[in-house]
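# Structural description and commentary
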Amino acid sequence: MKFKIVSFTLLILLLLACEEKEKKVVSKEIVPEEPIVEEFGFTLNDYVVVRDTIHSGDTFGKLLEENNIGHFKVHEVTESIRDSFKLRDLQIGKPFTLLKSKKTPHQLYAFIYQPDNINYSVVEFKDSTVLAYNKRKPITIKRRTIASKITGSLSETLSKNGVDASMAFNLAKIYEYSIDFFKIQKDDQFGITFYERYINDSIYAGIDRMEASFFEHKGKKIYAFPYKLDSLVKKVDYYDEEGKGLKTMFLKAPLDYFRISSRFSPKRFHPVQMRWKAHKGTDYAAATGTPIKTTASGTVERTGYTAGNGNYVKVKHNSTYSTQYLHMSKILVRQGQHVQQGQIIGKVGSTGLATGPHVCYRFWKNGEQVDPLSQKLPNAEPMSEKHRQKYLIHIAPLKKELDSITKIQIK
């Protein structure tokens, strides 16, 4: 009996000892290690990091004066890095980072300026020297192909598909000669193969380029593939699935954003003269100051002012076509000047006989004023047969990919 009591007592003591030991282990405080943060080529854990943006009145010299740069003199620093770092390019609102020593008096070790989310400039203060250099964050390019029906606006549809809204502007520029994006409809379709930029393989940095696309509007499907006929030329033109250029001789309108307030008409009631007369132009309403573009390349035939037309510019494109732009608030070209298609030649206004800001766009064909919206306008120079065969081989897999994903994603 005594043996049993002793054994039971020892068992109780052993259990209490184990429980106490477990309590001690559990109550031991574990200090997590500080994660290593690396950016701009520095280990930020080694410094006091100050992040801010450029404010009105800030200059590089002023920012240095406000921070401890040790034995360095501001004037000597700015002079020594002038060729490597454009001091006057600091823009209000752009971010900068200061790396300072953790030891008092927290001497400045590096100034880092970011003009955008990819590029950055570094000024390092090392011992007795100052180093200045420009770098880019590591960029990864990722490829994607999507297809969708229009639901709402083009921008809204792209956003729903996880595509940056800037793609809407890119598509509008590509198809500006063949599609009026102010008239796109619900259930119109599009497909695009494109590349996107990512910083450090994770942070989205925008659209890089487009490789292929189609847009189906009112039952008509138009493909667009970027292609260079001359490898030495930087500019890329767009062609359809048959090798025909999407670019025409004329833009559809002299403004990027507008509404047609009055069309070409043989008989219209004039809102200022209060009588019926022919309106031999197309009125595009827009805010005062909106840029006006010449719809085709040519030579400025006349500029000036009349009581009816206000400030105007007339451009001769060739022996067949001329265009005129009326009611400008400002003329930006001179007579005899050669202008390129899409070049800004003036600003929207309401000079002359006008009830509000707009541009009256007039179009001549063989000396007769006609309605440009009813004309079948000439295309750009066609692709040669030699280039066409190479082009068709190049686009074949791209078109097949677009058509395949369309069947999957659009039902």
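Our subject is the structure that appears above.
Here the structure is a predicted model, which is why all the values come from computation and not from measurement.

Quick look at the packing of aromatic side chains now. A complete count under the given rule lists 24 aromatic pairs for this structure. Relative to phenylalanine 111, the ring of phenylalanine 85 has its centre 6.3 Å away and its plane inclined at 70°; by these criteria the two rings are edge-to-face. Of the two residues, phenylalanine 85 sits in the loop between helix 3 (74-80) and strand 4 (95-100) while phenylalanine 111 sits in strand 5 (residues 108-113), which places them 26 residues apart along the sequence. For the pair phenylalanine 85 and phenylalanine 111, a shared accessibility class is recorded, and that class is buried. An aromatic cluster is defined as three or more aromatic residues linked by ring pairs; in this entry it consists of Phe214, Tyr223, Phe225, Tyr227, Tyr239 and Tyr391.

Our focus in this paragraph is helix 5 (residues 166-174). When helix 5 is considered as a whole, its buried residues turn out to be Met167, Ala168, Leu171 and Ile174. End-on view of helix 5: buried residues confined to an arc of 125°, all on one side of the axis. Considering only its buried residues, helix 5 is in contact with helix 4 (154-160), strand 9 (189-199), strand 10 (203-217), strand 11 (220-227) and strand 12 (237-239).

In this section: the environment of valine 313. Mapped onto the elements, valine 313 comes out in strand 19 (residues 310-316). With 21 residues separating them in the primary sequence, valine 313 and arginine 334 have C-alpha atoms 8.6 Å apart. Those residues within four positions of valine 313 in sequence are excluded, and the remaining contacts are Val300, Arg302, Thr303, Thr323, Gln324, Tyr325, Met328, Ile331, Val333 and Ile345.

The next thing to look at is helix 6 (residues 385-409). Taking 1.5 Å of rise per residue, the 25 residues of helix 6 would be expected to cover 36 Å, and the 35 Å separating its terminal C-alpha atoms lies within 8% of that figure. At isoleucine 395, helix 6 shows its maximal bend, which comes to roughly 35°, and the proline proline 397 appears one to four places after that position. Among the residues making up helix 6, those that are buried are Tyr391, Ile395, Leu398, Leu402, Ile405 and Thr406. Looking at the buried positions of helix 6, the neighbouring elements they touch are strand 8 (139-149), strand 9, strand 10, strand 11 and strand 12.

This brings us to the sheet that holds strand 3 (residues 48-53). Taken together, 5 strands build an open sheet; the order of strands is 3-4-5-6-7 and the sheet is antiparallel. Both edges of this open sheet fall to strand 3 and strand 7 (129-136), since each of them pairs with a single strand only. The sheet shows a mean angle of 15° between the axes of neighbouring strands, taken without regard to direction. Sheet topology note: the strand 5/strand 6 (residues 119-126) ladder contains 4 bridges and is antiparallel. What sits directly across from tyrosine 113, in strand 6, is serine 121.

Within the open sheet, the 5 strands sit side by side as 8-9-10-11-12. Their pairing is antiparallel. The outermost strands of the open sheet, each flanked by one partner alone, are strand 8 and strand 12. Between one strand axis and the next, the sheet turns through 30° on average, direction left out of account. Pairing analysis gives 11 bridges linking strand 8 to strand 9, with the strands arranged antiparallel. Paired with serine 148 across the strands is phenylalanine 190, a residue of strand 9. Contacts from helix 6 reach strand 8, strand 9, strand 10, strand 11 and strand 12 within the one sheet, and its direction differs from that of strand 11 by about 130°.

What follows is about the nonpolar core. Among the nonpolar cores identified, the biggest contains 22 residues, and Leu154, Tyr175, Ile192 and Phe215 are the most heavily contacted of them. Secondary-structure elements contributing two or more residues to this core are helix 4, helix 5, strand 9, strand 10 and strand 11. Here this core gets 4 residues from one element, more than from any other, and that element is helix 5. If we skip the residues at most four places from it in the chain, leucine 154 touches Ala168, Leu171, Phe181, Ile184, Phe190 and Phe215. Ranked by size, the runner-up nonpolar core spans 21 residues in total, among them Ala286, Val313, Met328 and Val333.

What follows concerns the pattern of salt bridges. Enumeration according to the criterion identifies 15 salt bridges in this entry. We note a salt bridge from glutamate 39 to arginine 51, for which the minimum N-O separation is 2.9 Å. Highlighted residues: glutamate 39 in strand 1 (residues 38-39) and arginine 51 in strand 3, separated in sequence by 12 residues. A single salt-bridge network, built from bridges that share partners, covers Glu39, Arg51 and Lys137.

The subject of this paragraph is the side chain of threonine 406. With respect to the helices, strands and loops of the structure, threonine 406 is situated in helix 6. Overall, the relative accessible area of 10% leaves threonine 406 in the buried class. Excluding residues within four positions of it along the chain, threonine 406 makes contact with Ala147, Gln189 and Phe214.

Here the focus is unusual backbone geometry. In terms of backbone geometry, most residues other than glycine have negative phi values and most peptide bonds are trans. Between threonine 104 and the following residue, proline 105, the backbone shows a cis peptide bond with an omega angle of 15°. Of note, the phi angle at histidine 327 is positive, near 70°, even though the residue is not glycine. By the secondary structure assignment, histidine 327 is in strand 20 (residues 321-331).

Quick notes on the rules
- Residues numbered from 1 in each chain as written.
- Predicted model: local features only at pLDDT ≥ 70, side-chain atom pairs only at ≥ 80, totals over all residues.
- Heavy atoms only, no water.
- Phe/Tyr/Trp six-rings, centres within 6.5 Å; stacked < 30°, edge-to-face > 60°.
- Helix = DSSP H or I, 4+ residues; strand = E, 2+ residues; numbered from the N terminus.
- Buried < 20%, exposed > 50% of the residue type's maximum accessible area, 1.4 Å probe, protein only.
- Arc of directions from axis to C-beta.
- Contact = heavy atoms within 4.5 Å.
- Expected span 1.5 Å × (residues − 1).
- Bend = angle between axes of the 7 residues up to and from the residue.
- Pairing = 2+ DSSP bridges.
- Axes fitted to C-alpha atoms, helices over the stretch in contact; angles between N-to-C directions.
- Core = buried A, V, L, I, M, F, W, Y, C linked by side-chain atoms within 4.5 Å.
- Salt bridge = Lys/Arg side-chain N within 4 Å of Asp/Glu carboxyl O.

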